[in-house]
Amino acid sequence: MKNICLLGATGSIGMSTVDVVVKNPEKFNITSFSFNSNIDRARKLIDILHPDFVCCGSFEAVKVLNEEFPETRFSYGEAGMIEAVKMPQIDVVLTAVSGSIGLKPTIEAIQAGKDIALANKETLVMAGEFVMNAAQNHNVKILPVDSEHSAIFQCLEALHDGKELREITITASGGSFRDLSREDLKHVTVSDALNHPNWQMGPKITVDSSTMVNKGLEVIEAHHLFNIDYDNIKVLLHRESVVHSLITTVDGALLAQLGPSDMREPIQYALTYPERSELIDEKYFDLAEMGSLSFEAVDLMRFPMLALAFKVGRMGGEMPAVFNAANEVAVEAFLKGKIEYLDIEDFVLRAVKSRAQIVQINVTVNNNYNREVTLETILEVDRLTRELVQSWVDALVLFADDINHLHFDQEPEIAPEPEEEIDLEDTISGTFEQSDELNLKELMSDAPAEVTPDAFSLENLSAASAPATPIAEEVLPYDTFSFDLEAYNEINNKNGDNIIKVDF
Ligand code: NDP
Ligand code: MG
C-alpha cells in the first residue's frame, strides 16, 4: 500500500489521481490532500477518501470543515501544505497544484525523503537545479506526471545508459489557437482560449498551451528532469496528441510512447513505477480508427513564447523564474478579463527583458551566463516580477478607457477618473515612453527556416528543432522601459552580485 499526499486534489490532475486511487484501493491510499477554494469538491473528497489530514486554502474553510469532519485534521496555506507532505506515513507526494505555490512544499517533501510524482512543472522551471540536487542528496525519485515527460521517461527505460541518447522530442498539440494567425489573435476571448482541442485541463495550463508557454515550461522541465542540453531538446507540432513524446538514440532510432489523451495513464505509471498495472476504465484507443497522424515543424514566429522559453532556459539563473512568474500573473489577469490575449506575451517579454537589463553585463559578456542563484534570490525575484507585472495590469485597467494596450506614442489627452486610487509612482518607476511591441524578428533571429507541414521524417524532426544558437547580444534589446530597479539592485547587492547601472 502506497500512502499518497495529493497537493491540488480538487483540480484536473488532482481528480484524475483520485480516480486512479479509488479504483485501486488495495494499492493506494490518499493520506493527506490540499485544495484552495473548491470547498464543495473538497467535502466530497473527504467523504470518499477519509484522509487523516487536509490542507485548505483559508482559515475560514478550516473552521467550516472542522465541524463537519471531526475525525480529519485540518490546516491551511503554505504551512499546511508543508505539514501535509511531511507526515511520516507518506510515501509519495503528487504535486498537482498549479503555479509556483508548489515549489516550497515540494522542496520540503524532498528534504523529508518523500518521492515526488511531479505534475507541477513550475517547480522545476523555477528552481530545477536546486530541486534535482536536493532529490539526489536525499535519494528521492522525481517521477514525471506531465504526459510528455512520462513518455520520454518510459522511452528512456529502453536504454542502457544516458550515452545512448541523442535527443528528445517533445510533441505539442498547438493549443486552442493553432490555426489562427497572429492577426487573428488580437480578437480572441477567454472562452475561445479555454477550448482546447484534445485535453481537458485546468484554465491556466489551457491558456499556456495556446501561447505555447506550456511547451516552453516543458522544455525547461525536461532539461532539468533528464539532465539534457537545450540543443538536444526539440519540439514538434503534433495535432492529434497521440505520440506523447519521443527520443532519438545515438544510432538514429526513434522510440515513442503513444496513447489516448488520458492523464490517468502517466499518473498511474508514476505511482506504480517501476511496475505497470491495468488501467481500469482505460480509454478506447485504436490506431487503425485514427488512420493517420500528422507532424509539423513549429513556426516560432507564430509561437514566440516557445523561442523565449529556450532563451531563458539557456540563460539559466533566475530567468526561467521570471518568465514563469510574469506568465502566471498575466494569464490570471487575462482569465479575469483585465488584459487582452496578446498582452500576455507582451508582459512576459517585457518582464524578461527588464530582468535581463539588470543582469545585462552577464548576458552580453557571456552568452550562457548561467549564474548561480540561491533559492532565496529565485523566490525574491519571483515576488518582484509578480508585483511588476501586476502593476502593468493595474495600469492597463486604470487607463482602459483611453488605451487598448501599453503601446502608445502619446500621452492620453484626458486623464480618466480612476475607480480606485492606484499610486503609479509607487508601482512603476520609469514611464511607458515608447512603443514596445513584441519584436518578433529580434526574438526569432536564430529561428530555423520555416518548413512546410509534411509527413513524419527525420528531416522534419530536425527542422522542427528549436533554435540551437546561443543567445545573441541583439536578442535582448534594452529599451527605455524599466521598473523597480532599486529593489532589484538591492537583491543583487544582498547576494553579492554586480550592480548594473541602467540609463533610462
Ligand atoms: P487546476 O487549475 O485544474 O487545479 C489546480 C489545483 O491547485 C486545484 O486543486 C486548486 O485548488 C489548487 N490551487 C490553485 N491555486 C492554489 C493556491 N494558491 N494555493 C493552494 N492550492 C492552489 O490545474 P491542473 O490540474 O490542470 O494543473 C495542475 C498542475 O499540473 C499544473 O502545474 C499543470 O501545469 C500541471 N499539469 C497539468 C496537466 C493537465 O492535464 N491538467 C498536464 C500536465 C501537467 P481549488 O480548485 O480548490 O481552487
Ligand atoms: Mg504536458
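Bear in mind the structure is a predicted one, so any value in this text is a computation, not a measurement. Starting afresh in each chain, residues are numbered from 1 along the sequence in its written order. Chains carry letters and ligands carry numbers; both start at the beginning, A for chains and 1 for ligands, and go up in the order they are written. The predicted nature of this model means local features are confined to residues of pLDDT at least 70 and side-chain atom pairs, given and counted, to a pLDDT of 80 or more, with totals for whole chains, interfaces and linings taken over all residues.

S.K.: Hey, could you go over the overall build of the chain for me, with residue numbers and the actual values?
M.R.: If you tally the helices and strands in the chain, you get 21 helices and 12 strands. Within the chain, the proportion of its 504 residues that are buried is 46%. Of the contacts formed within the chain by residues at least 6 apart in sequence, a portion of 73% connects residues at least 24 apart. Under the scheme used here, helices are H or I runs from DSSP no shorter than 4 residues and strands are E runs no shorter than 2 residues, and both carry numbers assigned from the N terminus. Here exposure depends only on C-beta density: within 10 Å of a residue's C-beta, 20 or more other C-beta atoms make it buried, 12 or fewer make it exposed, and intermediate numbers make it partly exposed, the C-beta atoms being placed from the backbone. Residue pairs are scored as contacts if the distance between their C-beta atoms, which are placed from the backbone, is within 7 Å.

S.K.: I'd like to hear about the pairing of strand S1 (residues 2-7), residue by residue, with values.
M.R.: What makes two strands pair is DSSP finding at least two bridges between them. Judged from the 6 bridges that link them, S1 and strand S2 (residues 28-34) form a sheet pairing that is parallel. When the bridges of S2 are listed, Cys-5 appears paired with Ser-32. A crossover gets the label right-handed when its path from the first strand over the helix to the second runs clockwise, viewed with the strands pointing away from the viewer. Crossover S1 to S2 through helix H1 (residues 12-22) is right-handed. Of the pairings in the sheet, the one linking S1 to strand S5 (residues 92-95) comprises 4 bridges and is parallel in character. What sits directly across from Cys-5, in S5, is Val-93.

S.K.: Tell me about the site of ligand 1, residues and numbers included.
M.R.: Here, nearness is defined through the C-beta atom: a residue counts as near a molecule or strand if that backbone-placed atom lies within 6 Å of it. Among the 29 residues in the neighbourhood of ligand 1, the closest are listed as Gly-8, Gly-11, Asn-36, Met-201 and Gly-202. Among the elements of the structure, H1 and helix H9 (203-211) are those that each provide at least two residues to the shell around ligand 1. Just so you know the grouping, Ala, Val, Leu, Ile, Met, Phe, Trp, Tyr, Cys and Pro go in nonpolar, Asp, Glu, Lys and Arg go in charged, and all remaining residues, Gly too, go in polar. Looking at the shell around ligand 1 residue by residue, the classes come out as 11 nonpolar, 14 polar and 4 charged.

S.K.: Describe helix H2 (residues 39-49), and please don't skip the residues or the numbers.
M.R.: Taken together, the buried positions of H2 are Ala-42, Leu-45, Ile-46 and Leu-49. Down the axis of H2, the buried side of the element spans an arc of 100°, and every buried residue falls inside it. Set apart from the buried face of H2 by more than 90 degrees, the exposed residues are Asp-40, Asp-47 and Ile-48. Looking at the buried positions of H2, the neighbouring elements they touch are H1, S2 and strand S3 (53-56). Once H2 finishes, His-50 follows within two positions and takes phi at roughly 45°, a positive value. Read the arc as the range of directions from the helix axis to the C-beta atoms.

S.K.: Now, about the sheet that holds S5: what can you tell me, with residues and values included?
M.R.: Reading across from one edge, S4-S3-S2-S1-S5-S6-S7 is the order of the 7 strands in this open sheet, with parallel pairing throughout. In this open sheet, the two edge strands, each paired with only one partner strand, are strand S4 (73-76) and strand S7 (142-144). Strand-to-strand twist in this sheet, taken as the mean axis angle between neighbours without regard to direction, amounts to 25°. Here the axes come from fitting lines to C-alpha atoms, over the contacting stretch only for helices, and the angles between their N-to-C directions go from 0 to 180 degrees. Sheet strands in contact with H1 are S1, S2 and S5, and its direction is about 160° off that of S1.

S.K.: Lay out the confidence of the model for the chain in plain terms, naming residues and giving numbers.
M.R.: Should the pLDDT be low somewhere, the predicted coordinates at that spot are not to be read in detail. pLDDT gives the predictor's per-residue confidence on a scale running from 0 to 100. Chain-level pLDDT for the chain is 82 on average; 77% of the residues reach the 70-or-more range. Counting interchain partners and residues more than four positions distant, the pLDDT-below-50 stretch residues 361-366 has 10 contacts. Counting contacts from residues 406-504, a segment whose pLDDT is below 50, to residues more than four positions away or on other chains yields 143 contacts.

S.K.: Could you give an account of the nonpolar core, with specific residues and numbers?
M.R.: By size, the foremost hydrophobic cluster in this structure holds 127 residues, and its most contacted members are Leu-94, Leu-306, Ala-309, Ala-326, Ala-330, Val-348 and Val-352. In terms of residue count, helix H14 (residues 319-335) provides more of this core than any other element does, 11 residues in total. The residues that make up this core include at least three from each of domain 1 (1-144) and domain 2 (317-323 + 351-501). Not counting residues within four places of it along the chain, the set of residues in contact with Val-348 comprises Met-305, Leu-308, Phe-323, Ala-326, Asn-327 and Ala-330. Here, a nonpolar core means buried Ala, Val, Leu, Ile, Met, Phe, Trp, Tyr and Cys residues linked by C-beta atoms lying within 7 Å of one another. Note that the domain bounds reflect an automated or database-derived domain assignment.

S.K.: How would you sum up unusual backbone geometry? Please name residues and give values.
M.R.: Following Tyr-273, the chain continues into Pro-274 via a peptide bond in cis, with omega recorded as 5°. For His-50, which is not glycine, the phi dihedral falls at a positive 45°. Along the chain, His-50 turns up in the loop between H2 and S3. On the basis of neighbour count, His-50 is assigned to the partly exposed category, with 13 C-beta atoms found within 10 Å. Here the phi dihedral of Asp-281 falls at roughly 60°; this positive angle occurs in a residue that is not glycine. Checked against the element boundaries, Asp-281 lands in the loop between helix H11 (264-272) and helix H12 (287-290).

S.K.: Hey, could you go over the sheet that holds strand S8 (residues 165-172) for me, with residue numbers and the actual values?
M.R.: With mixed pairing, 5 strands are arranged side by side in an open sheet as S11-S10-S8-S9-S12. The sheet is open, and its two borders are formed by strand S11 (254-258) and strand S12 (296-297), each paired with just one other strand. In terms of strand pairing, strand S9 (residues 233-237) meets S12 through 2 bridges, oriented antiparallel. Its bridge partner being in S12, Leu-237 is matched across the sheet by Glu-296. Sheet strands in contact with helix H10 (residues 213-225) are S8 and S9, and its direction is about 155° off that of S8.

S.K.: Give me the packing of helix H6 (residues 122-137) against helix H17 (residues 375-398): which residues, what numbers.
M.R.: As a packed pair, H6 and H17 sit with axes 10 Å apart at the nearest point and diverge in direction by 175°. Classified by the interaxial angle, the pair formed by H6 and H17 is roughly antiparallel. When H6 is examined against H17, the residues Met-126, Ala-127 and Phe-130 are found in contact with a partner set consisting of Leu-375, Ile-378 and Asp-382. In terms of residue class, the contact of H6 with H17 is built from 5 nonpolar, no polar and 1 charged. Note that the term roughly parallel is reserved for angles under 35 degrees, roughly antiparallel for angles over 145, roughly perpendicular for angles of 65 to 115, and oblique for everything else.

S.K.: Let's hear about the pairing of strand S10 (residues 243-249): which residues, and what values?
M.R.: Along S10, 6 of the 7 residues are buried, which leaves the element largely enclosed by surrounding structure. Here 5 bridges tie S8 to S10, and the two strands are oriented antiparallel to one another. Considered in S10, the bridge of Thr-169 is made with Leu-246. Judged from the 5 bridges that link them, S10 and S11 form a sheet pairing that is antiparallel. Paired with Ile-247 across the bridge in S11 is Leu-255. Between the end of S10 and the start of S11, which pair antiparallel, lie 4 residues, with Gly-252 showing a positive phi angle near 85°.

S.K.: Hey, could you go over the environment of Leu-124 for me, with residue numbers and the actual values?
M.R.: If you trace the backbone, Leu-124 turns up in helix H6. Taking the C-alpha atoms as reference points, Leu-124 and Glu-221, separated by 97 residues in sequence, lie 5.4 Å from one another. What Leu-124 contacts, discounting residues up to four positions off in sequence, is Val-131, Ile-220, Glu-221, His-224 and Leu-225.

S.K.: Hey, could you go over the packing of H14 against helix H15 (residues 341-358) for me, with residue numbers and the actual values?
M.R.: In contact at an axis separation of 9 Å, H14 and H15 are set at 150° when each is read in the N-to-C sense. Between H14 and H15, the angle is such that the two are roughly antiparallel. Two packed elements cross with a definite hand, and for H14 against H15 that hand is right-handed. Contact with H14, carried on its side by Met-319, Val-322, Phe-323, Ala-326, Asn-327, Ala-330, Val-331 and Phe-334, involves Tyr-341, Asp-343, Ile-344, Phe-347, Val-348, Ala-351, Val-352 and Arg-355 of H15 and no other residues of that element. In terms of residue class, the contact of H14 with H15 is made up of 13 nonpolar, 1 polar and 2 charged. Take the far helix as your reference; a near helix turned counterclockwise from it by less than a right angle gives a left-handed crossing, and one turned clockwise gives a right-handed crossing.

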